[in-house]
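Summary of the model geometry
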Amino acid sequence: MSQFNKVVVAYDNSGGCNKALEMAGFLKKLYPLMDLIVVHVYKEKLINVPVESKELAIPGPRIEAYTVDELSAPPLALENNAAGKSTHAKLVNSAEQAIYNARTELEKNEVDARYKIIEGNPAESICDFAEAEQADLLILGPPGNTGLKQIFMGSTSQKIAENAPCSVLIAK
């Protein structure tokens with residue numbers, strides 16, 4: 001087996017990816033001069049989470065109707081206690097959190113690595129990144145899609161294995 005000079009670990013912050021980090025850490029100890037890069041594909045999104053206020057809303061003035069262009073229009077009806085409810089934005093799939101988790105996992109085992117956040121379609125972006133970095137090996141977690149989603153869409157792991165510019169190790 002030849003020496004690995006550069007290894008890329010695709011990390012999506014799932015439980016299976018911790019096995020990929022574990023294998024990468026093992027290789028880094030075998031090849032201490034190896035360049036280890038943990039890459040995460042950016043897919044953050046904001047969702048609105050309803051929260052209820054514990055305080056009672058201050059009632060506004062009672063308005064029977066608004067006059068708009070000389071026409072009388074009733075005010076919008078508010079749902080009961082609507083003033084006491086609101087939403088807050090919540091970030092899911094945080095790229096920074098994923099990198100933090102990967103770094104924490106590797107540092108527990110005293111493994112040095114570089115970390116990179118990339119954008120785009122996960123399979124294409126990871127393959128393009130591995131090619132640009134001239135990686136010798138790509139390490140992935142196990143496929144996440146199952147059932148019908150797997151049949152119709154395939155898995156990111158499968159797409160990477162088919163299109164990667166280097167060898168691929170799928171950790172299970």
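Model, not experiment: these values are computed from the prediction. (Residues numbered from 1 in each chain as written. Predicted model: local features only at pLDDT ≥ 70, side-chain atom pairs only at ≥ 80, totals over all residues. Heavy atoms only, no water.)

Regarding the overall build of the chain
Rules: Here a strand is any run of E in DSSP of at least two residues, a helix any run of H or I of at least four, and the numbering for each starts at the N terminus. Remark: exposure states derive from per-residue accessible area (1.4 Å probe, protein chains only) relative to the maximum for the residue type, with buried under 20%, exposed over 50%, and partly exposed in between. Every residue pair with non-hydrogen atoms within 4.5 Å of one another is taken to be in contact. Reported accessibility uses the Shrake-Rupley method at a 1.4 Å probe radius. Residues are deemed covered only where the shown protein chains occlude them.
Along its length, the chain carries five helices and nine strands. Helices (α) and strands (β) of the chain occur, in sequence order from the N terminus, as β-α-β-β-β-β-β-α-β-α-β-α-α-β. In the chain, which comprises 172 residues, the proportion classed as buried is 30%. For the chain, restricting intrachain contacts to residue pairs at least 6 apart in sequence, the fraction spanning at least 24 positions comes to 76%. With the model as given, the accessible surface of the chain reaches about 11900 Å², and the carbon-plus-sulfur share is 52%.

Examining the packing of aromatic side chains
Stated formally: Each Phe, Tyr or Trp ring (for Trp, its six-membered ring) is paired with any other whose centre lies within 6.5 Å, and the angle between the two planes then decides the class: stacked below 30 degrees, edge-to-face above 60, tilted in between.
The full count for this structure, using the stated rule, is one aromatic pair. When the ring of F4 is compared with that of Y31, the centres are 5.8 Å apart and the planes differ by 80 degrees; the resulting orientation is edge-to-face. Within this pair, whereas F4 is found in the segment before strand 1 (6-10), its partner Y31 is found in the loop between helix 1 (15-30) and strand 2 (35-41), the two being separated by 27 residues in sequence. Given the relative accessible area of 12%, F4 is considered buried. Given the relative accessible area of 14%, Y31 is considered buried.

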